[in-house]
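Spelled out from the first residue to the last, the chains are:
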Amino acid sequence: MCRGGVIVVPVAAYEYRCRECSSIFEVRRSVHESSPSVVPCPAGHADTSRVFSAVAVGGGASAPMTAAPAAGGCCGGGCCS
């Protein structure tokens, strides 16, 4: 991807956990880069595993969250029985 003459490479953050010292650390790399076979922890241990985290995405700056109606369910009671 190129923006204003600058090549922009999408980068993802991956979490890993060390099985030896239980530390959790993050590795950032290009989304186009393949996963390395061994990702050592900051303490140098090689026995690590990738942590899969649940990510919640919703709303944006232009779509503020509003409170649900106090009564009547999701639609104000007009269509719910």
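For clarity, every value in this text was computed on a predicted model and none was experimentally measured.

The rules we used
- Residues numbered from 1 in each chain as written.
- Predicted model: local features only at pLDDT ≥ 70, side-chain atom pairs only at ≥ 80, totals over all residues.
- Heavy atoms only, no water.
- Core = buried A, V, L, I, M, F, W, Y, C linked by side-chain atoms within 4.5 Å.
- Buried < 20%, exposed > 50% of the residue type's maximum accessible area, 1.4 Å probe, protein only.
- Helix = DSSP H or I, 4+ residues; strand = E, 2+ residues; numbered from the N terminus.
- Contact = heavy atoms within 4.5 Å.
- Pairing = 2+ DSSP bridges.
- Axes fitted to C-alpha atoms, helices over the stretch in contact; angles between N-to-C directions.
- Patch = residues over 30% accessible without salt bridge, like charges linked within 9 Å, V, L, I, M, F, W, Y side chains within 5 Å.
- Areas by Shrake-Rupley, 256 points an atom, 1.4 Å probe, with all protein chains shown as cover.
- Salt bridge = Lys/Arg side-chain N within 4 Å of Asp/Glu carboxyl O.

S.K.: Tell me about the nonpolar core, residues and numbers included.
M.R.: Counting seven residues, the largest nonpolar core consists of Ala12, Tyr14, Tyr16, Cys18, Phe25, Val39 and Cys41. At four residues, strand S3 (residues 11-18) tops the list of elements feeding residues into this core. In this view, Cys41 contacts Cys18, Cys21, Ser23, Phe25 and Thr48; residues no more than four positions away in its chain are not counted.

S.K.: An account of the sheet that holds strand S4 (residues 24-30) is requested, with residue identities and associated values reported.
M.R.: To summarise the sheet geometry, strands pair through backbone hydrogen bonds and adopt either a parallel or an antiparallel arrangement. Strand order across the open sheet formed by three strands is S4-S3-S5, with antiparallel pairing between neighbours. Strand pairing shows two members of the sheet lacking a second neighbour, S4 and strand S5 (48-51), which therefore form its edges. Neighbour-to-neighbour, the strand axes of the sheet open up by a mean angle of 40°, direction not taken into account. Summarising the sheet, S3 and S5 pair through four bridges and their orientation is antiparallel. Residue pairing for S5: Glu15 is matched across the bridge by Val51.

S.K.: Pulling in residues and values, what's your account of a nonpolar patch on the surface?
M.R.: Taken together, Ile7, Val9 and Val11 make up a surface patch of nonpolar side chains, about 300 Å² in accessible area. Here Ile7 falls in the exposed class, since its relative accessible area comes to 66%.

S.K.: Residue-level account of the pairing of S3, with values.
M.R.: Burial along S3 is one-sided: Ala12, Tyr14, Tyr16 and Cys18 are buried, while Val11, Ala13, Glu15 and Arg17, pointing the other way, are not. Relative to S4, S3 is paired through seven bridges, and the arrangement is antiparallel. Each residue of the ladder has a partner; that of Ala13, found in S4, is Arg28. Linking two consecutive strands that pair antiparallel, namely S3 and S4, is a turn of five residues; a positive phi of about 65° is found at Ser22 within it.

S.K.: Could you give me a rundown of the environment of Arg17, with the residues and numbers involved?
M.R.: The residue Arg17 is located in strand S3 in this model. Exposure remark for Arg17: the relative accessible area of 31% places this residue in the partly exposed category. A C-alpha to C-alpha distance of 5.5 Å links Arg17 and Ser49, two positions 32 residues apart in sequence.

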